[in-house]
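# Structural features, examined
What follows is the residue order along each chain.
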Amino acid sequence: MNPLSIYIHIPFCIHKCGYCDFNSYALDNLLDQGHAGENWAESYSEAVIRELKGRTRSLGLAERPVQTLFFGGGTPSLFPAAETARILAFIQENFDIDPDAEISLEANPGASDTARLSALREAGVNRLSIGVQSFDDDCLRRLERIHTGDDAREAFRSARRAGFSNISIDLMFGTPFQTLNQATADIEAGIELGPEHLSAYELTIEPGTNFGALHSRGELHGLPDEDTALAMWETRDRLLSAAGFERYEISNFARPAFRCRHNLNYWNRGEYLGAGAGAHSLISGRRFWNLARPDHYAEKADDPTAGEEDVSGAEKALGESLMLGLRLREGVSLGDIARECGGEPEEIFGGIFSALADQGLIERENKTVRLSRRGTLLANQVLAKFL
Ligand code: SF4
């Protein structure tokens, strides 16, 4: 049986950051507006368990080996550890979890004290992904983060004290008024902490966010020009490579043996079940997603599906495999995806491959296609060609 990954979405945050387009909600707003009650955490974990029961039955998932499990958000570290433990215990009892499974949880430095992290470690979480974004307090304020650079350092030390030996940190560059020196200092500070994995993303301005609204009115000031952004990319890659990290995806770097197995499953277009408000799943050639608002989701938790798409056709499946797999540094084997998706990538996408190769955006070697250095910098535009 094909392995399965499980994703659990915890949509609650203390504050909605200005750039964030995730399905996340400031908890106080939900409480003030009556969209969450006093027992919000307990009700939410009950809803997730109800959904998992319903999906296991309707999709026959109980026998599928589960190799990775990921609690993402939102701010999973804000969710009471006892409720996370309850969801995790249900999954461990009702799915065939590999004894060596990677069990990750996203943590915000503003909600990551040692007691909380120790309880999560004890419940079985074995990998922590800490959303640092920057160590510079001015940058953090502009991003509307709830923590300081020192809080981020302390969260990392707390995670080590709690027994985590697999920690990733997330950084962001290209943020308003950030200088090249500040971006460089962030990468250096990240390396100094000694994580096993590090993600460093360039800020993208998404519609529907505060930053998106400011940008469309011409009021989002201080974004770096193209040359500065390029220098930030190059500095990031140079410093991390010198420190022994391998870039295995556009924005992800790992020490040997510490690549994120959960995300690799997404990029390899493996199957996954997503439970929780707004979570997406890909199972048996069907992509489906849940109701987004936590109270709407909880009301219909037995079957919270909000929409679905048939992605089993060869053209769709190959396009998705290319769009996801080209994010990986090693690229995509056309032979492998032809076998998995049942079509011939050259016949369907041959014209696009040639055009991208002529522009120097992809490289081809036998039956493998990968992004060139320039293609990596322009990845969003290149990958959109396969949609
Ligand atoms: S903490 Fe994360 S999920 Fe929550 S609003 Fe900020 S970026 Fe979004």
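Residues numbered from 1 in each chain as written. Predicted model: local features only at pLDDT ≥ 70, side-chain atom pairs only at ≥ 80, totals over all residues. Heavy atoms only, no water.

This next bit is on the overall build of the chain. The helix and strand inventory of the chain stands at 16 helices and 17 strands. Taking 2.2 N^0.38 as the reference for a compact globule, 387 residues should give roughly 21 Å; the C-alpha atoms of the chain span a radius of gyration of 21 Å, in line with that estimate. Here the C-alpha coordinates of the chain stretch approximately 60 × 50 × 45 Å along the principal axes. The buried share among the 387 residues of the chain stands at 52%. Of the contacts made within the chain by residues no fewer than 6 positions apart, 68% connect residues no fewer than 24 positions apart. In the structure as shown, the chain presents an accessible area of about 16,900 Å², 47% of it carried by carbon and sulfur atoms. Both charge centroids of the chain, one from 39 positive and one from 58 negative side chains, sit 2 Å from each other. (Helix = DSSP H or I, 4+ residues; strand = E, 2+ residues; numbered from the N terminus. Rg over C-alpha atoms; globule rule 2.2 N^0.38 Å. Buried < 20%, exposed > 50% of the residue type's maximum accessible area, 1.4 Å probe, protein only. Contact = heavy atoms within 4.5 Å. Areas by Shrake-Rupley, 256 points an atom, 1.4 Å probe, with all protein chains shown as cover. Lys, Arg positive; Asp, Glu negative; His and termini not counted. Charge placed at Lys NZ, Arg CZ, Asp CG, Glu CD.)

It is worth spelling out the domain arrangement of the chain at this point. It is common to report an interface's size as the accessible area lost on association of the parts. By the assigned domains, the chain splits into domain 1 (4-267) and domain 2 (313-387). On a C-alpha basis, the centres of domain 1 and domain 2 stand 28 Å from each other. Tallying the contact residues gives 13 residues for domain 1 and 13 residues for domain 2. Roughly 1,200 Å² is buried in total at the junction of domain 1 and domain 2, and carbon and sulfur atoms are behind 54% of that figure. Broken down residue by residue, the surface that domain 1 buries against domain 2 is led by Arg247, Ile250 and Trp267, which jointly contribute 47%. Our count for the domain 1 to domain 2 interface comes out at 3 salt bridges. Between Arg373 and Asp237 there is a salt bridge; the shortest N-O distance is 2.9 Å. Counting across the interface, domain 1 meets domain 2 through 7 residue pairs in polar contact (both at pLDDT 80 or more). Elements that contribute at least two residues to the side of domain 1 that touches domain 2 include exactly α9 (226-242) and α10 (261-267). The greatest single-element share of the side of domain 1 that touches domain 2, amounting to 4 residues, is contributed by α9. A per-class count over the side of domain 1 that touches domain 2 returns 7 nonpolar, 1 polar and 5 charged. (Domains from an automatic or database assignment. Buried area = accessible area lost by both parts, 1.4 Å probe. Salt bridge = Lys/Arg side-chain N within 4 Å of Asp/Glu carboxyl O. Polar contact = N/O pair within 3.5 Å; in protein donor to acceptor, adjacent residues only side chain to side chain. Nonpolar A, V, L, I, M, F, W, Y, C, P; charged D, E, K, R; others polar.)

With that out of the way, let us pick up the site of the ligand. Lining the immediate surroundings of the ligand are Cys13, His15, Lys16, Cys17, Tyr19, Cys20, Phe22, Ser24, Gly74, Thr75, Asn108 and Arg145. Along the lines of polarity and charge, the residues of the shell around the ligand split into 5 nonpolar, 5 polar and 2 charged. (Near = heavy atom within 4 Å.)

With that settled, the discussion passes to the environment of Ala254. Position of Ala254 among the secondary structure elements: in strand β10 (residues 252-254). Classification of Ala254 as buried rests on a relative accessible area of 1%. With 18 residues separating them along the chain, Ala254 and Tyr272 place their C-alpha atoms 23 Å apart. Excluding anything up to four places from it in sequence, Ala254 contacts Glu196, His197, Gly244, Phe245, Glu246, Tyr248 and Arg259.

So, about the packing of aromatic side chains. Evaluation of the coordinates by the stated rule reveals 13 aromatic pairs. Centroid distance Tyr44 to Phe79: 6.0 Å. Interplanar angle 85°. Geometry classified as edge-to-face. Residue Tyr44 is found in helix α2 (residues 40-59), and its partner Phe79 is found in the loop between β4 (65-73) and α3 (81-94); the two are separated by 35 residues along the sequence. Residue Tyr44 is classed as buried on the basis of its relative accessible area of 2%. The exposure class of Phe79 is buried, given its relative accessible area of 1%. The rings of Phe12, Trp40, Tyr44, Phe79 and Tyr297 are connected pair by pair, giving a single aromatic cluster. One Lys or Arg, Arg121, reaches over the ring of Phe164 and ends 5.8 Å from the middle of that ring. (Phe/Tyr/Trp six-rings, centres within 6.5 Å; stacked < 30°, edge-to-face > 60°. Lys NZ or Arg CZ within 6 Å of the ring centre and 35° of its normal.)

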